[in-house]
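# Commentary on secondary and tertiary structure
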Amino acid sequence: MALPRIKYQPLPAATYIENRARFVGQMEPGSVAIFHSSDQYPRSGDQGFTFRQNADLLWLTGIDQEETMLVLFPGCPKGKAFEEVLFVRETSEHIRVWEGYKFTQAEASEISGVQTVKWTSDSAALLHELVLLAENVYIDTNENDRAAFEVPERNERKAWEMRQRYPGHRFLRAASILKRLRMIKSPAEVAAIRHACNITESAFRRVLAFAKPGKMEYEVEAEIIHEFIRQGSNGHAYNPIIAGGANACVLHYNDNNRPLVAGEVLLMDFGADYANYAADLSRSIPIGGRFAPRQRAVYDAVLRVMKFAKSLLRPGTSLPEYHLEVGRAMEGELIGLGLLDREAVAKQNPDAPLYKKYFMHGTSHHLGLDVHDIMLRYTTFEAGMVLTCEPGIYIPEEGIGIRLENDILLTEGDPIDLMAGIPLEADEIEELMNAR
């Protein structure tokens, strides 16, 4: 089905039907679960930021539109038709003129697989009735352990309102279920991530031919977004890092406003968003087309750690164990580069390893609808997870920062590199940059 307003083909409705079934299968009896869309956030004056759908609601329904709500009530006493109810925004002639097309109820049902679809404006009475028929209410709040926001999201505000109106109900956390479920990607989700990776590859290859001394970091960023939009991506999956020279040692550098200088290394961290699924790529390339000997030595050290780390991404490994093993490999490389002393490493405080001076971030994070996808940090890896693999070495005193990153699908056997086709070896990078 070709739909107005969105650039991508939604995942099959069967994916969302299965996702809801998986969630409902872990709900306590006599419970209703409520999920809201994201807010339309104000930017300035009368302008708003581009709408971005709440990842949980999208994972459950595929509905990429504001003012949407999903209610799940397995075994609802009111009848089977009310076990799944989707509310979408009702359109009007005014909305069509000023904002454009909105989903019909039939289209929302076809995308999501939910049979009972009503208008959001009519939700209050039915929602009240359903909550009164339930003993427990699952509320959905942001439990990404990296999140640190002062502004409450729509789900959080609605949860507060529910607690005030229904103080006798027992409230439960939807996120504790969703964290476990969303870590395992379905084949359709993997396909969307793979497509995002393919678009990202095209942008990287475009940049290899463009990144020359004298160009600006923001010009490189412009080449990337051009390729993203040209191929039907929603745009960047996160704010891109285009960092030349010492800027590469600032982990979340986003200014992207410095000229590219011959003889320096350009670190780029960017990824396409396709169907709201993220790719996440890091590459470090020589401005001028050739790595200096020291730069090449650091690059090769990072690449060896990356290959070792990727081999560890297998079911049964835990994230803390994984990072410990990668840290040991990084220690050896930093000793070989003359950045750490072997005896000092042998005597170091294990809770404050010396390698953290030059490699201060984690090697991997989950990837999906969010670039830093929700997860259970202390569970073991399982087949179907998608994780990044991104070691780096940062030497501010030498003006060198190198990070390499690919996106990896875990299987019961060997891990599958979803970015295996993107140039990675230093010789290949140099060859492509010097091609005529």
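Throughout what follows, the structure given in this document is the object of discussion. Here the structure is a predicted model, which is why all the values come from computation and not from measurement.

Time to look at the nonpolar core. Among the nonpolar cores identified, the biggest contains 110 residues, and F23, F35 and I393 are the most heavily contacted of them. Top element by residues in this core is helix α8 (residues 187–210). It accounts for 12 residues.

Whenever strands of a sheet pair, they do so through backbone hydrogen bonds, lying parallel or antiparallel. Spatially, the 6 strands line up as an open sheet ordered β6-β5-β4-β1-β7-β8, and their pairing is mixed. Both edges of this open sheet fall to β6 (116–119) and β8 (170–173), since each of them pairs with a single strand only. Mean inter-strand twist for the sheet, computed between neighbouring axes without regard to direction, equals 25°. Of the pairings in the sheet, the one linking strand β1 (residues 31–36) to strand β7 (residues 136–139) comprises 4 bridges and is parallel in character. Paired with I34 across the two strands is I139, which belongs to β7. Running over the sheet, helix α6 (residues 154–165) touches β1, β7 and β8 and is turned about 140° from β1.

Another aspect to go through is the packing of aromatic side chains. The tally for this structure, following the rule as stated, stands at 7 aromatic pairs. Here F23 and Y138 contribute two aromatic rings whose centre-to-centre distance is 6.1 Å and whose plane-to-plane angle is 75°, an arrangement assigned as edge-to-face. Linking F23 in helix α1 (residues 13–24) with Y138 in strand β7, this pair joins segments that are 115 residues apart in sequence. Y138 shares its class with F23; the two are buried. Ring geometry for F228 versus F270: centroids 6.2 Å apart, planes at 50°, classification tilted. Of this pair, F228 sits in helix α9 (residues 217–230) while F270 is found in strand β11 (residues 265–270), placing the two residues 42 residues apart along the sequence. Look at F228 and you get buried, because its relative accessible area is 0%. For the cation-ring pair, K78 lies above F82, with the distance from its terminal atom to the ring centre recorded as 4.8 Å.

Before going further, it helps to examine the packing of helix α10 (residues 293–311) against helix α11 (residues 319–336). Remark: α10 packs on α11, axes separated minimally by 10 Å, with the N-to-C direction vectors making an angle of 155°. As judged from the angle between their axes, α10 and α11 are roughly antiparallel. Where α10 crosses over α11, the handedness of that crossing is right-handed. Judged by residue contacts, A301, R304, V305, F308 and A309 of α10 engage Y322, E325, V326, A329, M330 and E333 from α11. Residue composition of the contact of α10 with α11, by class: 8 nonpolar, no polar and 3 charged.

Attention now goes to the pattern of salt bridges. Per the counting criterion, the structure on display carries 32 salt bridges. For R304, the salt bridge identified is with E333, shortest N-O distance 2.9 Å. Pair noted here: R304 is in helix α10 and E333 is in helix α11, with a separation of 29 residues, a long-range link. By relative accessible area, R304 is classed as partly exposed at 47%. Salt-bridge contacts for D414 lead to R314; the nearest nitrogen and oxygen are separated by 2.8 Å.

On the secondary structure map, E325 appears in helix α11. Separated by 127 residues in the primary sequence, E325 and N198 place their C-alpha atoms 30 Å from one another. In this view, E325 contacts F308 and L312; residues no more than four positions away in its chain are not counted.

On the basis of which strands lie adjacent, the open sheet formed by 3 strands has the order β10-β11-β14 and antiparallel pairing. Of all strands in the sheet, those with a lone pairing partner are β10 (241–244) and β14 (281–286), marking the two edges. Averaged over all adjacent pairs, the angle separating strand axes in this sheet is 10°, with direction ignored. Where β11 lies against β14, 6 bridges are found, and the strand directions are antiparallel. By the bridge assignment, M268 is partnered in β14 with R283. Across the face of the sheet, α9 comes into contact with β10 and β11 while running at roughly 150° to β10.

What counts and how
Residues numbered from 1 in each chain as written. Predicted model: local features only at pLDDT ≥ 70, side-chain atom pairs only at ≥ 80, totals over all residues. Heavy atoms only, no water. Core = buried A, V, L, I, M, F, W, Y, C linked by side-chain atoms within 4.5 Å. Buried < 20%, exposed > 50% of the residue type's maximum accessible area, 1.4 Å probe, protein only. Helix = DSSP H or I, 4+ residues; strand = E, 2+ residues; numbered from the N terminus. Pairing = 2+ DSSP bridges. Axes fitted to C-alpha atoms, helices over the stretch in contact; angles between N-to-C directions. Contact = heavy atoms within 4.5 Å. Phe/Tyr/Trp six-rings, centres within 6.5 Å; stacked < 30°, edge-to-face > 60°. Lys NZ or Arg CZ within 6 Å of the ring centre and 35° of its normal. Parallel < 35°, antiparallel > 145°, perpendicular 65-115°, else oblique. Left-handed = near helix turned anticlockwise from the far one by under 90°. Nonpolar A, V, L, I, M, F, W, Y, C, P; charged D, E, K, R; others polar. Salt bridge = Lys/Arg side-chain N within 4 Å of Asp/Glu carboxyl O.

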